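An overview of the molecular structure
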Amino acid sequence: MVGRAGLLLAVLIFAAPGRIFAEEVVTGQAVLTGTIRGTVRDREIESPIALARVTILGQPLSAISSIDGTFLLRNVPPGSHTLTVAKDGYDRLILPDVVAVPGRLTEVSVDLAAEVFELEELVVTGADPLVDSEVGMLEIRATAVSLQDAVSSDLISKAGASDVAGALKLVVGASVVGGKYATVRGLSDRYTGTTLNGVRIPSADPRRRAVQLDLFPTGTLESVTVTKSFLPDMQGDFTGGGVDIRTRSIPDGKVLSLTTSLEYNTLATGDPGYLTYGGGGVDTLAHDDGSRSLPEGSTDPLPTLPRFTPRPTADQMAASMEYDGLVRSFDPIMGVSPEAAPFNNGFSMVAGDRYEFGDARVLGVMSALSYSHKFDSYEDGINNHGGVSDEAQEITIDKPRVDTRGQEEALIGALANFVLRPSDDHELSLRVVANQSAEDEARFQVQDAGDTSVEQNHSLHYTERSLVSFQLHGAHTLQADRRPRIEWVAASNRTSQDEPDVRFFRNTYDAATQSGSMPPGTAHQNTRRIFRAIEEDNVQGALHATIPFEGPGNIWGFVKAGLFSDRTDRTYGQNSYFYSFATPQVGYPFNADAVENQTYSIFEASGPNQLWTDVFLESERIGLAGNTPPAPNQLLWVIEPFGDDVDYDGKQSIGAVYAMGELPLRHDLKVVGGVRRESTALTVTPINRAFGLVDVIEVQESGDRAIITVDQDLAIADIEDTLYLPALSAVWEPATRMNVRLSWSRTLARPTFRELAPVATEEFIFGDEYIGNPDLTLSHITNYDLRWEWFRRTGDVLAASLFYKDLTDPIEHISFSVSDRSFIQPVNYERGTVRGLEIEARLGLDLFSEKLRNLSAGVNATWIDSEVDVPVAERESLAPFGLAETTRRLQGQPEYVYNFNIAWDDDTRGWSGGLFYNRIGETLLTGAARGVADGIPNVFEQSYSTADLTVGKRLTEIVSIGFKARNLLQPARSSIYRRPNGEEVVKTERQTAALFALSVSFKW
């Protein structure tokens, strides 16, 4: 499939614009053309200027100067030409009468006079002035020493992306899992490092290593760059790709802009059936008002539940009153209720200015604030649990559930940049990034229990996340002939995730009798209230020194060395409670009050639409009985602590030292190589405050998995490892603005704290539970990359890439059932591979006709073939269920990723717009595994497509309006169980909404 589809797309992309190659054939004959080579330097300080644009007037030939200031123009028609040399911050220079001689090399020297000291200003602002435009990003990519793909804020804006997750859909080979987590070239977020302005941001999500990309609204963005090949100055776990989020730079002058928007969700806005709950929803500031907080004194030890007697002792009465006070201190809402959702809304504001003091001193200030408030919903979805009990049997769904969900979220993002340049050669910058988000989910599931009976399952789940990052950067160019450069960074990051008062409630209900009861099982399998909190502190420091050197033929290279340190401390705490009914009632069935109290243990509806949760925690049903039963200390529904909650502490220390260099062998060939020594110390210590015991999953000799209880000291995860990570790459320029890149490297992947901790968390009662594995180890990866790219015209690119990755001890997620519980757990497999093909084109459509000069198009496609070797023991255990495979697909990766966009920008009339299409291929979510006496098949997420449309109109110099239509195709999102023989059964399915938004922007 890869070969045939790849060949077809290559023909369409590369062969269609026939005039591209026709021109090259004419000018490409060596005997008829000449070559112009030169160096661009700063006239005053005589240093090379990178990223200067050199163009031959009247010819489709241009070049960009490299880091040593050199440029090369091949296939130049003979005769006299006029060159223009341009670089932001410098006076544009015109060089007339540059003669190209057939078969000969013409040397030129270009000295640009600074309008402002652009190279130094680049340091001050912390970002290149080109990077907020798509043209600029392609120019930077063309001269980079590593494989890069990027999108600018310009394209992000046209795409209508509201956060980094949406922006990544525009990058070749990139996709986003769950709307939040980056996947590059089929490798999940574990293999994809995320940095903010080059600094790693820790994750607050207990299940993920990567930072949540939806924390960064596009109002604060300048660009998003994905680096796909590893170099020693990068962190060692940048395997699939390094995603660097660059925040807005310092403007040239005063900037003030404001945008406000209103959005309609086809499944939520105005829908009276939108699910929420009493007291639910998120605050405008995305911060809980304290109503969900753990009640004061609820963590204090409780007395033993008293014995109920007609004449209780003082101690028994006091104990009953303590239980009464505790149960009444919790919010009395346990279930869902419908309420119409309003429109989604949002705004963003950007303000900044630049202050100059004297000849060289510059102070820049930039700030941004973004806010969004959204509602989403689906009804009549599917959430099944199934398995296989015998090879001869089909996949059986033992828990078929109809699933309905309402979700509300708010996000606030703030950014402040302060940049000081005390002199031409030194700069300091401080960035402060703060994000606050809240998400509230109300979920209701119904499971057929036979005849007229159903099982009802409520889940109320509020999550609050925050991030505060302080980043201090310094860059210093030393006064020496070679002008070495020193850069350093110190960062302090704090993240948190708070899940206060997660509530689960499960009951049976018979429509014929309009009555319900608790299903069989323990009390905590029917009701639960959970309070979870994560706090994580991270400190980073890095030092880099770069020394340029001039080799033979005036070719510049560099050597670079540096140090890196990263320390992370995480604390995780959980307090869980469940409800129980204090039975038997003293005096039952002979006492009327006792009979009345006993009725509260079950549910009798007053109408067909009433739910037990509507009345469950009414005052007369909880705590001390409100009537006069024979036992005055008689309790009804009470709440009790779970008793065996497991907390954990996590610590991770990473230290690294590296050395690398760029050696330009010729003007058209350079080699970059080096090595990084990186050490890892990672520990997770589980803590059971009550008993000092924790549950872990153990594989039995039979192949069955079982839950066993061990001393918490035996479940400590401890990883210590030191690796040497070499990298070698070469960049060859066979023709003007054409590169062939080849790279080889070794990298690693680490398990997350959550993956190592023996703690089980779930979405709802009897839903899938995620449990960590203290036995996980590091993964080692060897990477191979080959890319051809052609930047024939400014702003255009054609590229094709091949990649291959060999993984040792990859971490995979498997699913299995134990004791009527469904688990997902990470495990190490022995070996895996990923191979793939990428094809990309970004073109201005004026290439075909001048009438299309305002249109540009981009298309990229990635085909991925991956597999892991299933261990022999696992295969043997799965054979009785017809689930054995020698190899299967790598978990978390799609078969393919397609992106297409066409953008329209008519600056004269003030119109702009874009159409963006994305398709994600089938993705393995969890691998098959054996539980107890059954097997769970592989689970795949089905392929789906999305399409977005944006239109903008500038009304005046200040006011613009915009329209966005997102997810126009409204694909159903579904996952399936699949056996190796091809049998499939639906696991989950839900609708998705189309979104229509209007916005108004003001820019001064």
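Residues numbered from 1 in each chain as written. Predicted model: local features only at pLDDT ≥ 70, side-chain atom pairs only at ≥ 80, totals over all residues. Heavy atoms only, no water.

This brings us to the overall build of the protein. The number of helices and strands found in the protein is ten helices and 56 strands. A buried classification covers 57% of the 1004 residues belonging to the protein. In the protein, of all internal contacts separated by at least 6 residues, the share reaching a separation of at least 24 is 72%. Carbon and sulfur atoms make up 56% of the accessible area of the protein, which amounts to about 39400 Å² in all. (Helix = DSSP H or I, 4+ residues; strand = E, 2+ residues; numbered from the N terminus. Buried < 20%, exposed > 50% of the residue type's maximum accessible area, 1.4 Å probe, protein only. Contact = heavy atoms within 4.5 Å. Areas by Shrake-Rupley, 256 points an atom, 1.4 Å probe, with all protein chains shown as cover.)

Here we come to helix 7 (residues 314-329). End to end, helix 7 covers 23 Å across 16 residues, agreeing with the expected 22 Å (1.5 Å per residue, within 8%). Along helix 7, the residues that are buried comprise Gln316, Ala319, Ser320, Tyr323, Asp324, Leu326 and Val327. Projected down its long axis, helix 7 carries its buried residues within an arc of 165°, all on one side. In helix 7, the exposed positions angled more than 90 degrees off the buried face are occupied by Ala314, Asp315 and Met321. Buried-residue contacts for helix 7 involve strand 28 (555-581) and strand 30 (637-641). (Expected span 1.5 Å × (residues − 1). Arc of directions from axis to C-beta.)

Another point: the pattern of salt bridges. Per the stated rule, a full pass over the model turns up 49 salt bridges. Measuring nitrogen to oxygen at the nearest pair gives 3.4 Å for the salt bridge that ties glutamate 762 to arginine 532. Of this pair, glutamate 762 sits in strand 37 (residues 760-762) while arginine 532 is found in strand 27 (residues 527-551), placing the two residues 230 residues apart along the sequence. Here the two residues glutamate 762 and arginine 532 agree in accessibility, since each one is buried. (Salt bridge = Lys/Arg side-chain N within 4 Å of Asp/Glu carboxyl O.)

What follows deals with the packing of aromatic side chains. The relation between two aromatic rings is expressed through the spacing of the ring centres and the mutual angle of the planes. Scanning the model with the defined rule gives 22 aromatic pairs in all. Between tyrosine 784 and tyrosine 804, the ring centres sit 6.0 Å apart and the planes meet at 45°, which makes this aromatic pair tilted. Residue tyrosine 784 is found in strand 39 (residues 779-790), and its partner tyrosine 804 is found in strand 40 (residues 797-808); the two are separated by 20 residues along the sequence. For tyrosine 784, a relative accessible area of 38% corresponds to the partly exposed category. Look at tyrosine 804 and you get partly exposed, because its relative accessible area is 25%. Ring geometry for phenylalanine 1002 against tryptophan 1004: centres 6.0 Å apart, planes inclined by 10°, an arrangement best described as stacked. Through pairs of rings, three or more aromatic residues link up here, namely Phe505, Tyr509, Tyr579, Phe581, Phe603, Trp612, Phe616 and Trp637. If you follow arginine 292 out to its NZ or CZ, it ends over the ring of tyrosine 462, 3.9 Å from the centre. The ring centre of phenylalanine 816 lies 5.1 Å from the NZ or CZ of arginine 705, which sits over that ring. (Phe/Tyr/Trp six-rings, centres within 6.5 Å; stacked < 30°, edge-to-face > 60°. Lys NZ or Arg CZ within 6 Å of the ring centre and 35° of its normal.)

Within the open sheet, the three strands sit side by side as 4-1-7. Their pairing is mixed. The open sheet terminates on both sides in strands that have one partner only, identified here as strand 4 (70-76) and strand 7 (105-112). Here the strands of the sheet are splayed against their neighbours by 20° on average, with no regard to which way each runs. (Pairing = 2+ DSSP bridges. Axes fitted to C-alpha atoms, helices over the stretch in contact; angles between N-to-C directions.)

This brings us to the sheet that holds strand 5 (residues 79-86). One open sheet accounts for four strands, arranged 3-2-5-6; its pairing is antiparallel. Looking at which strands have only one partner, the edges of the open sheet turn out to be strand 3 (62-64) and strand 6 (93-100). Averaged over neighbouring strand pairs, the angle between their axes works out to 25° when direction is ignored. Relative to strand 5, strand 2 (residues 53-56) runs antiparallel, the two sharing four bridges. Residue pairing for strand 5: valine 54 is matched across the bridge by valine 85.

A few words on the environment of glycine 387. Along the chain, the position of glycine 387 falls in strand 20 (residues 385-387). Sequence spacing of glycine 387 and serine 817 is 430 residues, and the spatial spacing of their C-alpha atoms is 8.5 Å. When sequence neighbours within four positions are dropped, the list of residues in contact with glycine 387 reads Glu394, Ile395, Thr396, Gly935, Ile936 and Pro937.

This part is about unusual backbone geometry. Geometrically, the link from tyrosine 588 to proline 589 is a cis peptide bond, its omega value of 5° lying close to zero. Within the chain, phenylalanine 766 stands out as a residue other than glycine whose phi angle is a positive 65°. Following the sequence through the fold, phenylalanine 766 ends up in the loop between strand 37 and strand 38 (768-771). Positive phi outside glycine occurs at aspartate 820, with the angle close to 65°. Within the secondary structure, aspartate 820 sits in the loop between strand 41 (811-818) and strand 42 (821-828).

Another aspect to go through is the nonpolar core. Core analysis: the biggest nonpolar cluster contains 22 residues, and Phe330, Tyr579, Trp612, Phe616, Trp637 and Ile639 have the highest contact counts within it. Counting only elements with at least two residues in this core, the list comes to helix 7, strand 25 (485-510), strand 28 and strand 30. Of all the elements, strand 28 adds the most residues to this core, at three residues. Apart from residues no more than four positions distant in its own chain, phenylalanine 330 is found in contact with Pro295, Ser298, Arg529, Phe531, Tyr577, Tyr579 and Ile639. With 20 residues, the next largest nonpolar core counts Ile36, Val54, Ala63 and Val110 among its residues. (Core = buried A, V, L, I, M, F, W, Y, C linked by side-chain atoms within 4.5 Å.)

Taken over all residues, the pLDDT of the protein has a mean of 85, while the share at 70 or more is 85%. Across residues 1-31 the pLDDT falls below 50, and counting only partners more than four positions away or on other chains, this stretch makes 41 contacts in the model. Within the model, the stretch residues 116-131 combines pLDDT values under 50 with 50 contacts to residues more than four positions away or in other chains. (pLDDT = per-residue confidence, 0-100.)

With that out of the way, let us pick up the pairing of strand 52 (residues 944-954). With ten bridges joining them, strand 47 (residues 911-920) and strand 52 adopt antiparallel strand pairing. In the sheet register, tyrosine 917 faces strand 52, and the bridge partner there is alanine 947. Sheet analysis places strand 52 next to strand 53 (residues 959-966), joined by six bridges and oriented antiparallel. Looking at strand 53, one finds that glycine 952 is bridged to glycine 962. Connecting strand 52 to the next strand, strand 53, in antiparallel fashion are four residues.

As a further point, take a nonpolar patch on the surface. A grouping of Leu262, Tyr264, Phe343, Trp904, Trp911, Val951, Phe963, Leu968, Phe996 and Leu998 is seen on the molecular surface, where their side chains present a nonpolar patch of about 860 Å² in accessible area. For the nonpolar patch, the secondary structure elements donating two or more residues are strand 15 (255-265) and strand 56 (995-1003). Mapped onto the fold, valine 951 is located in strand 52. (Patch = residues over 30% accessible without salt bridge, like charges linked within 9 Å, V, L, I, M, F, W, Y side chains within 5 Å.)

Moving on, we come to the environment of serine 856. Relative to the elements of secondary structure, serine 856 occurs in strand 44 (residues 855-869). A relative accessible area of 30% places serine 856 in the partly exposed class. Taking C-alpha positions, serine 856 is 5.2 Å from leucine 845, a pair spaced eleven residues apart along the chain.

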